[in-house]
Amino acid sequence: METFVESSGLPADGFVTRTVHPTIPPRVDYDLTSLGRSLAEPITALRQWTETHINEIEQARSRHNP
């Protein structure tokens, strides 16, 4: 069964590493790579921008979907 992380392409794009441990039950660990960690600042900036503009976003949505 493919997990969200696997199906999202994050490992293939180099954002996370995937480590399978040969245990019963199987265990899989995911860790951010340096490339993945480098997204923290821009994602935080996007979150802050969204929080600042949420009222405008919601108003636009209500005009678009009355």
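Anything mentioned here points back to the structure above.
All values derive from a computational prediction rather than experimental measurement.

**Some remarks on the overall build of the chain**
Consideration 1: Check the secondary structure of the chain and you find three helices and two strands.
Consideration 2: Along the chain direction, N to C, the helices and strands of the chain fall in the order α-β-β-α-α.
Consideration 3: Overall, the chain is about 55 × 25 × 20 Å in size when its C-alpha atoms are taken along their principal axes.
Consideration 4: Among the 66 residues that make up the chain, the fraction classed as buried is 8%.
Consideration 5: In the chain, the share of contacts with a sequence separation of at least 24, taken over all contacts with a separation of at least 6, comes to 11%.
Consideration 6: As displayed, the chain has an accessible area near 5600 Å², and 59% of this comes from carbon and sulfur atoms.
Consideration 7: Across the chain, the 6 positively charged side chains and the 9 negatively charged ones have centroids separated by 2 Å.

**With respect to the pattern of salt bridges**
Consideration 1: Going through the model one piece at a time under the given rule, you end up with two salt bridges.
Consideration 2: A salt bridge links arginine 27 to aspartate 29, with the shortest nitrogen-to-oxygen separation between them at 2.8 Å.
Consideration 3: Exposure remark for arginine 27: the relative accessible area of 42% places this residue in the partly exposed category.

**What to know about helix α3 (residues 40-64)**
Consideration 1: For α3, with 25 residues, the first-to-last C-alpha span of 31 Å runs short of the 36 Å given by 1.5 Å per residue.
Consideration 2: At histidine 53, α3 shows its largest bend, some 65°.

**Structural notes on the environment of proline 22**
Consideration 1: Take proline 22: it is sitting in the loop between β1 (16-21) and β2 (27-32).
Consideration 2: With relative accessibility at 84%, the residue proline 22 sits in the exposed group.
Consideration 3: Sequence separation of proline 22 and alanine 45 is 23 residues, and the distance between their C-alpha atoms is 39 Å.

**Points about the side chain of threonine 33**
Consideration 1: Inspection of the secondary structure puts threonine 33 in the loop between β2 and α2 (34-37).
Consideration 2: At 2.5 Å, the side chain of threonine 33 and the backbone oxygen of glycine 14 are in polar contact.
Consideration 3: For threonine 33, the residues in contact, after removing those within four places along its chain, are Gly14, Phe15, Val16 and Thr17.

Definitions and limits used
- Residues numbered from 1 in each chain as written.
- Predicted model: local features only at pLDDT ≥ 70, side-chain atom pairs only at ≥ 80, totals over all residues.
- Heavy atoms only, no water.
- Helix = DSSP H or I, 4+ residues; strand = E, 2+ residues; numbered from the N terminus.
- Buried < 20%, exposed > 50% of the residue type's maximum accessible area, 1.4 Å probe, protein only.
- Contact = heavy atoms within 4.5 Å.
- Areas by Shrake-Rupley, 256 points an atom, 1.4 Å probe, with all protein chains shown as cover.
- Lys, Arg positive; Asp, Glu negative; His and termini not counted.
- Charge placed at Lys NZ, Arg CZ, Asp CG, Glu CD.
- Salt bridge = Lys/Arg side-chain N within 4 Å of Asp/Glu carboxyl O.
- Expected span 1.5 Å × (residues − 1).
- Bend = angle between axes of the 7 residues up to and from the residue.
- Polar contact = N/O pair within 3.5 Å; in protein donor to acceptor, adjacent residues only side chain to side chain.

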